[in-house]
Amino acid sequence: MLKSKLSAIVMSAMFVGIPAMVGCDREIASETKVKDRPDGSTKVEEKKVVEKPDGSIEKTTEKKTVDR
């Protein structure tokens, strides 16, 4: 009984402790632009700025074209 409780506590501490040690990205800004094109497709541009756990800033731009 004690052994199973102890193993449950250790397992739950592992799953709670790992995200706390790694940290999470914090989203600072996000922007999405959608444009319809004359050929019937749609152009989607997404820009995102995130702050990493170590304090660095990362900017990403993703462009997609979706055919209808």
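A. Inspection of the overall build of the protein at higher detail. Summing up its helical and strand segments, the protein has one helix and three strands in all. Ordered by position from N to C terminus, the α and β elements of the protein give α-β-β-β. Here the protein holds 68 residues, and 7% of them are scored as buried. In the protein, of all internal contacts separated by at least 6 residues, the share reaching a separation of at least 24 is 26%. Split by element, the accessible area of the protein, about 5,900 Å² in all, is 58% carbon and sulfur.

B. Looking closely at the pairing of strand β1 (residues 26-36). Here β1 runs beside strand β2 (residues 42-51); their pairing, made up of 10 bridges, is antiparallel. By the bridge assignment for β2, Ser30 is matched with Lys48. Here β1 folds back onto β2, and the loop between the two strands holds five residues, one of which, Gly40, carries a positive phi near 95°.

C. Highlighting the sheet that holds β1. Here three strands make up an open sheet; going across it, the order is β1-β2-β3 and the pairing antiparallel. Lying at the two open borders of the sheet, with one neighbouring strand each, are β1 and β3 (57-66). Put simply, the sheet's adjacent strands are angled 10° from each other on average, direction ignored. Of the strand pairs in this sheet, β2 and β3 are connected by 10 bridges, and their pairing is antiparallel. Residue pairing across strands places Glu45 opposite Lys63, the latter belonging to β3.

D. Broad picture of the pattern of salt bridges. By the definition in use, this model includes six salt bridges. For Asp25, the salt bridge is made with Lys52, and the minimal N-O distance between the two is 3.2 Å. You can see Asp25 sitting in the loop between α1 (2-22) and β1 and its partner Lys52 sitting in the loop between β2 and β3, a full 27 residues away along the chain. One salt bridge in this structure joins Glu51 and Arg26, with 2.6 Å as the shortest N-O distance. A residue pair is termed long-range when its members are at least 10 positions apart, and Glu51 in strand β2 and Arg26 in strand β1 qualify at 25 residues. Residue classification places Glu51 among the partly exposed positions, given a relative accessible area of 23%. In this structure, a network of salt bridges that share partners links the residues Asp25, Lys52 and Glu58.

Cut-offs and rules
- Residues numbered from 1 in each chain as written.
- Predicted model: local features only at pLDDT ≥ 70, side-chain atom pairs only at ≥ 80, totals over all residues.
- Heavy atoms only, no water.
- Helix = DSSP H or I, 4+ residues; strand = E, 2+ residues; numbered from the N terminus.
- Buried < 20%, exposed > 50% of the residue type's maximum accessible area, 1.4 Å probe, protein only.
- Contact = heavy atoms within 4.5 Å.
- Areas by Shrake-Rupley, 256 points an atom, 1.4 Å probe, with all protein chains shown as cover.
- Pairing = 2+ DSSP bridges.
- Axes fitted to C-alpha atoms, helices over the stretch in contact; angles between N-to-C directions.
- Salt bridge = Lys/Arg side-chain N within 4 Å of Asp/Glu carboxyl O.

Shape descriptors only; they carry no functional weight alone.
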